[in-house]
Amino acid sequence: MRPVIEMTIARTLDVAPGIREFWLKAADGSALPAYSGGSHIVLGLPLPGGLQRNPYSLVGDPADASKWRIAVRRQEGSRGGSAWLHDTAAEGMRLQVAVPANLFPMARLARHHVLIAGGIGITPILSHAREMARLGLSFEVHYAYRARAFAALADEVGAIAGDRLRRYDQSDGEKVDFEALLAGRPLGTHAYLCGPQPMVEAFHAIGTRLGWPGDRLHSERFVAPPPGDAFSVRLARSGLRVEVPPHRSMLEAIEAAGVSAPFMCRGGACGQCELEVLEADSALQHNDLYLSAEVRAGGRRIMPCVSRACGGCITVDL
Amino acid sequence: MSAAPPAIKSQPQYRGLTWDASGQAHLLLLAARDDALLASLLGALPSAPIRVIDCADALAAFSAPAALEVTRAASLETALGLLDDALARASMGLRLYLAGPEDAIWQAHTIAAAYGMGRREIRLCQTGSLARPVFCVHCRSMTRHVRTNIVPCAGCGRALFVRDHFSRRLGAYMGFQIDAEAPGQVPPAETVYP
Ligand code: FES
């Protein structure tokens, strides 16, 4: 289980329309645990309907043990966590924060790193660029955004990467050409992408077609748990029955009932939270990026951090 | 896949050699003559460009198809130099195939690893002599072409027992002094790696 520490919001900054940056410090002022570029933390947000836990990539300097920085984009039509951070969160408030974990680490043996960000996907890319610059590694950054005004953190990336940064302003019709970007790269190159799903898919498809082995194409994407029908979960080991309302994830509902369940990314990516489904009287709605189509078809597995049932009651082995 | 499991997990297991169709260019190093292997490789050529570095006259019995760009090398050392040059100019998408005795293919592997190539880009096939490269754990020098279970270290002269313990990083089997407990008592060496 990931340790949780109590933190204070030390600073908030509006860095672009709809994007807000937060500085978090340990509530007791102590030094923070170390982390590596590409890591994320999980914020516990005290929403009216109960605690919501959302993952955010760290954008700051891993060498700075006094604060953690995140940048949050307001997600319209989401479950309210990002809206709460934009509208309600204020300096001085306290939050429960799960310590950093890294599902998007850099490949230490690479000879060159190509970092690619789409939109708010710049957050883990920035921390990678910072660490690579410090280590004196060979890298370059490609940053695509909707328009100049939305290019949060562009100046900061520019200061780190200098002429190794290339910007793509979609409002000027510029877009990342993966074919050109990935072709003819020297052996030992690794590429990393954080961005929207169509970009992730193009990256992997084109890289694979150009003969890049899968372990050279790194991507990170978290899913925000989509709302759905209310349903109930029966926990087989305790017999407990938990109600999951439309705007809560199954994992959050189980935790709110006082049962601790495994998790890491809370974004459907890592596989840590996987539960066995023993019985279900309705269809499962899989929203994760982890389970294969075959496993899903079997109907015996679910990732409760993002997936749910379409009404009725399911029984899980927990 | 029905081969018996290796006695020690670190000992490399080699299967036959086939082309990797996901490659966009192929580079084959031949360090032993193996007509059956070559016949199977030449019988199923992939469409992407293929370069061959041959330091064992391995293509002697074949009229190599025009699609192959073949370079003959007089020695393994020359071949490894050519390999190094080729990798320096190569791009992502290359697949490397190494066929020959372990001493040759693991020296080539070390060069490829230094260019950042990984397991999914390199295929190895042991053919020809079973002689082993042996790394002395005491003086850290390499003794090559070892055919016996006990061998004097080329660096420090200790009598080394050749273990099945293999280091991918060093590309060699580990050799330990056999008479450390009872100096001078070295059993006769037997040829076990012909
Ligand atoms: S916690 Fe990572 S997939 Fe659910």
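Residues numbered from 1 in each chain as written. Chains lettered and ligands numbered in written order. Predicted model: local features only at pLDDT ≥ 70, side-chain atom pairs only at ≥ 80, totals over all residues. Heavy atoms only, no water.

### Regarding the pattern of salt bridges
Okay, step 1: This model, assessed by the stated rule, comprises 30 salt bridges over all chains.
Okay, step 2: Across the pair R216(A) and E121(B) runs a salt bridge, and its minimum N-O distance is 3.4 Å. Of this pair, R216(A) sits in the loop between α5 (197-209) and β11 (217-220) while E121(B) sits in the loop between α3 (102-114) and β5 (122-126), each in a different chain.
Okay, step 3: A residue is classified by how much of its surface remains accessible, and R216(A), at 7% relative accessible area, is buried.
Okay, step 4: Given a relative accessible area of 1%, E121(B) falls into the buried group. (Salt bridge = Lys/Arg side-chain N within 4 Å of Asp/Glu carboxyl O. Helix = DSSP H or I, 4+ residues; strand = E, 2+ residues; numbered from the N terminus. Buried < 20%, exposed > 50% of the residue type's maximum accessible area, 1.4 Å probe, protein only.)

### Some words on α5(A)
Okay, step 1: Relative to the 18 Å expected for 13 residues at 1.5 Å per residue, α5(A) spans 18 Å between its end C-alpha atoms, a close match to the ideal helical length.
Okay, step 2: Of the residues flanking the end of α5(A), it is G211(A), one or two places downstream, whose phi is positive at about 90 degrees. (Expected span 1.5 Å × (residues − 1).)

### A closer look at the packing of helix α2 (residues 76-89) of chain B against α3(B)
Residues and elements named next belong to chain B.
Okay, step 1: Between α2 and α3, whose axes approach to 10 Å, the crossing angle comes to 25 degrees. By the criterion of interaxial angle, the relationship of α2 to α3 is roughly parallel. Handedness of the α2/α3 crossing: right-handed. Residues L76, L80, L83, D84 and L87 of α2 lie in contact with α3, whose contacting residues are D103, A104, Q107, A108, I111 and A112.
Okay, step 2: Looking at the contact of α2 with α3 residue by residue, the classes come out as eight nonpolar, one polar and two charged. (Axes fitted to C-alpha atoms, helices over the stretch in contact; angles between N-to-C directions. Parallel < 35°, antiparallel > 145°, perpendicular 65-115°, else oblique. Left-handed = near helix turned anticlockwise from the far one by under 90°. Contact = heavy atoms within 4.5 Å. Nonpolar A, V, L, I, M, F, W, Y, C, P; charged D, E, K, R; others polar.)

### A look at the pairing of strand β5 (residues 68-73) of chain A
All names here are of chain A.
Okay, step 1: Counted residue by residue, β5 has five buried out of six residues, so it is predominantly covered.
Okay, step 2: Two elements, strand β2 (residues 19-26) and β5, share six bridges in a ladder whose sense is antiparallel. By the bridge assignment, F22 is partnered in β5 with I70. (Pairing = 2+ DSSP bridges.)

### Examining the pairing of strand β1 (residues 25-30) of chain B
All names here are of chain B.
Okay, step 1: Burial runs high along β1: five of the six residues are buried.
Okay, step 2: Note: β1 against strand β2 (residues 50-54), five bridges, orientation parallel. Looking at the pairing, L28 lines up with V52 of β2.
Okay, step 3: This β-α-β element, β1 to helix α1 (residues 35-42) to β2, shows right-handed connectivity. (Right-handed = clockwise from strand over helix to strand, strands pointing away.)

### A word on the interface of chain B and chain A
Quoted interface sizes are often the accessible area lost when the parts come together.
Okay, step 1: Taken together, the contact pairs 16 residues of chain B with 15 residues of chain A.
Okay, step 2: In total, about 1200 Å² of surface goes out of reach between chain B and chain A, with carbon and sulfur atoms giving 56% of it.
Okay, step 3: Area buried by chain B at its contact with chain A is led by M92(B), Y115(B) and R120(B), which between them contribute 49% of it.
Okay, step 4: At the surface where chain B touches chain A, the tally comes to two salt bridges.
Okay, step 5: Two residues, R120(B) and D215(A), come together in a salt bridge whose shortest N-O distance is 3.7 Å.
Okay, step 6: Seen at the junction of chain B and chain A, the total is seven residue pairs in polar contact (both at pLDDT 80 or more). (Buried area = accessible area lost by both parts, 1.4 Å probe. Polar contact = N/O pair within 3.5 Å; in protein donor to acceptor, adjacent residues only side chain to side chain.)

### Observations concerning the domain arrangement of chain A
Residue and element names in this part refer to chain A.
Okay, step 1: Segmentation of chain A into domains returns domain 1 (4-101), domain 2 (112-220) and domain 3 (231-316).
Okay, step 2: Each partner contributes to the interface: domain 1 provides ten residues, whereas domain 3 provides eight residues.
Okay, step 3: Of the roughly 810 Å² buried between domain 1 and domain 3 on both sides combined, carbon and sulfur atoms contribute 47%.
Okay, step 4: For domain 1, the biggest contributors to the area lost against domain 3 are R53, P55 and R79; these three give 54% of the whole.
Okay, step 5: In this assembly, domain 1 and domain 3 are joined by one salt bridge.
Okay, step 6: A salt bridge links R53 to E255; the shortest N-O distance between them is 2.2 Å.
Okay, step 7: Across the domain 1-domain 3 interface, the total number found is four residue pairs in polar contact (both at pLDDT 80 or more). (Domains from an automatic or database assignment.)

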